[in-house]
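# Close look at the chain arrangement
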Amino acid sequence: MKTIRSNVHYHNGNEPETDMYSEILHGLRQEKKFISPKYFYDKKGSELFESITMLTEYYPTRTELLILNKFKDEMAHAIGSDTALVEFGSGSSEKVRTLLEAMPELKEYVPIDISKDFLYQSARALSMEYPHLDVHAVSADYTDKFEVPELKSKRKAVFFPGSTIGNFEPEESMKFLKMTANFLRPKGGLLIGVDLKKDHAVLNAAYNDNKGITSQFNINLLNRLNRELLANFDLEKFQHHAFYHAEKGRIEMHLVSLINQTITIGNEKVFFTEGETIHTENSYKFTIQEFQNMARQCGFTPEKVWCDDKNWFSMHYLVV
Ligand code: AVI
């Protein structure tokens, strides 16, 4: 019988330990109510986000792909050979395919994602398309301490597209960058997508699309709480509200209560006055200088930055 040698390997990087119920209640008990944006991404939320990325108004995904396609050879050159490519929050591993085209000699790819089933399925598909590549799928929360298997390549490069860093608070971004710099030492690099500051009208439109998909994405969070935490939010009694806060340099997303109302979540009650909001997401926008300065403070040296013609989005290569 022929022995089958698989080029996909599965690893547990860490066990994400969050108690959703107490975390959500803690946020809703604050004077300014908030819920972490990580809770957007149940199955429906992930599908809605996928639809957002295809909207005319939502330029980041499309623009980043344009940059990746245009400069993939330069990026591959910057990353260099004998480097293992590690992707944080790899999802369906779609964007990395562009990069892989330009790196035919790459030996190891390490997708890391919190959503285990989806990760394993995507890793299997990718390993079949790239039989020469060893794919080490690691299920882990990459913002926390995690383990990766021993790799054969001389150094590591992290790929972190999508401007996901924009959804972190400034102190979280710093912590994340410092952890990533440590992970990459010695001699690694970080290829990261960062959304840029621009005309406020463009930013506002990107989070207030005509079809109302971003609104559905925001409201779906309440649906998730109803289902998973036995809450009783009336989805008609909350409204999506997103705007660019120029001083803070971020898009803020909120859910506005349209009336005075008391919501039950499990055994607990939470009161909302009319007009009160749940702050559900921040999406920070940077100038190239601002981002590079932050990266420098965290131990990186900016090496190269690529942008689209309008300077709407940037991809940075930073080394340790
Ligand atoms: C995932 N993240 C980078 C998106 C963003 O633009 O901040 C999430 C999103 N929220 C509303 N639309 C898209």
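Before reading on, note that the structure itself is shown above.
Residues numbered from 1 in each chain as written. Predicted model: local features only at pLDDT ≥ 70, side-chain atom pairs only at ≥ 80, totals over all residues. Heavy atoms only, no water.

### Structural notes on the pattern of salt bridges
To be explicit about the condition: The term salt bridge refers to a pairing of a side-chain nitrogen on Lys or Arg with a carboxyl oxygen on Asp or Glu at a separation within 4 Å. We call a residue buried when its accessible area falls under 20% of the maximum for its residue type, exposed when it is over 50%, and partly exposed in between, using a 1.4 Å probe and counting protein chains only.
Scanning the entire structure with this criterion turns up 21 salt bridges. Note that Arg250 is salt-bridged to Glu252, the shortest N-O span being 2.8 Å. The burial state of Arg250 is the same as that of Glu252; both residues are buried. Linked by salt bridges that have partners in common, Asp42, Arg224, Arg227 and Glu228 make up one network.

### Notes on the nonpolar core
Grouped burial of nonpolar side chains is what soluble globular proteins tend to show. Quick reminder of the rule: By nonpolar core we mean a set of buried residues, namely Ala, Val, Leu, Ile, Met, Phe, Trp, Tyr and Cys, connected to one another through side-chain atoms within 4.5 Å. Helix and strand definitions follow DSSP, with helices as H or I runs of at least four residues and strands as E runs of at least two, each counted in order from the N terminus. Contacts are assigned to residue pairs that have any heavy atoms within 4.5 Å of one another.
The biggest cluster of nonpolar side chains holds 36 residues, and the ones touching the most others in it are Ile24, Leu28, Ile35, Leu225, Phe233, Ile265 and Ile278. Going through the elements one at a time, helix 1 (20–28), helix 2 (43–52), helix 7 (200–206), helix 8 (213–228), strand 7 (238–245), strand 8 (250–257), strand 9 (261–265) and strand 10 (268–272) are the ones with two or more residues in this core. With six residues, the top contributor of residues to this core is helix 8. The residues contacting Ile24, other than those within four sequence positions of it, are Ile35, Tyr39, Leu225 and Leu229.

### Some points on the side chain of Ser127
Within the secondary structure, Ser127 sits in helix 5 (residues 116–129). Dropping the residues within four chain positions of it, Ser127 is found in contact with Asn7, Val8 and Val135.

### A word on the environment of Asp82
For Asp82, the position within the fold is in the loop between helix 3 (59–79) and strand 2 (83–88). A sequence separation of 20 residues divides Asp82 from Ala102, and the C-alpha atoms of the two residues are 14 Å apart. Residue contacts for Asp82: discarding those within four places in its chain leaves Lys107, Ser153, Lys154 and Arg155.

### Let's talk about the site of the ligand
We count it as follows: Residue proximity to a molecule or strand is established when one non-hydrogen atom of the residue lies within 4 Å of it. Pairing of N or O atoms within 3.5 Å defines a polar contact, subject to two protein rules: one partner must be a possible hydrogen donor and the other a possible acceptor, and residues neighboring in sequence count only if both atoms are side-chain atoms. Per-residue and other accessible areas were derived by the Shrake-Rupley procedure at a 1.4 Å probe size, with only the shown protein chains allowed to occlude residues. Gly is put with the polar residues, along with every residue not named as nonpolar or charged; the nonpolar set is Ala, Val, Leu, Ile, Met, Phe, Trp, Tyr, Cys and Pro, and the charged set is Asp, Glu, Lys and Arg.
Near the ligand you find 13 residues, and of these Tyr58, Asn167, Tyr207, Glu281 and Ser283 are the closest. One nitrogen or oxygen atom from the side chain of Tyr58 is found 2.5 Å from an oxygen atom belonging to the ligand. One nitrogen or oxygen atom from the side chain of Tyr207 is found 2.5 Å from an oxygen atom belonging to the ligand. Bound to the protein, the ligand loses 96% of the 340 Å² it would expose on its own. Those elements giving two or more residues to the shell around the ligand turn out to be helix 2, helix 8 and strand 11 (277–284). Looking at side-chain class alone, the shell around the ligand contains seven nonpolar, five polar and one charged residues.

### What to know about the packing of helix 6 (residues 170–184) against helix 9 (residues 288–297)
We apply this condition: Orientation is described by axes fitted as lines to C-alpha atoms, over the contacting stretch for helices, and by angles from 0 to 180 degrees between their N-to-C directions. An angle below 35 degrees is treated as roughly parallel, one above 145 as roughly antiparallel, one from 65 to 115 as roughly perpendicular, and anything else as oblique. Note: crossing handedness is left-handed where the near helix turns anticlockwise from the far helix by less than a right angle, and right-handed where it turns clockwise.
At their nearest, the axes of helix 6 and helix 9 sit 9 Å apart, and the two run at 55° to each other. Classified by the angle between their axes, helix 6 and helix 9 sit oblique to one another. The interaxial crossing formed by helix 6 with helix 9 has right-handed handedness. Note on element contacts: helix 9 touches helix 6 through Met294, Ala295 and Gln297, opposite Ser173, Met174, Leu177 and Lys178. Of the residues assigned to the contact of helix 6 with helix 9, the class counts are four nonpolar, two polar and one charged.

### Section: the environment of Leu151
Structurally, Leu151 can be placed in the loop between strand 4 (134–139) and strand 5 (155–160). Separated by 68 residues in sequence, Leu151 and Thr83 place their C-alpha atoms 9.5 Å apart. For Leu151, the contacting residues outside a window of four places in its chain are Ala84, Glu108, Val110, His136 and Lys156.

### A short note on the environment of Tyr284
As for its position among the elements, Tyr284 is in strand 11. Residues Tyr284 and Ser163 lie 121 residues apart in sequence; the distance between their C-alpha atoms is 8.8 Å. Setting aside anything within four residues of it in sequence, one finds Tyr284 in contact with Gly166, Phe168, Glu169, Pro170, Lys248, Gly249 and Arg250. Here Glu169 takes part through its side chain, which lies 2.9 Å from a polar atom of the side chain of Tyr284.

Honestly, that's just the spatial picture; any functional story needs more than this.
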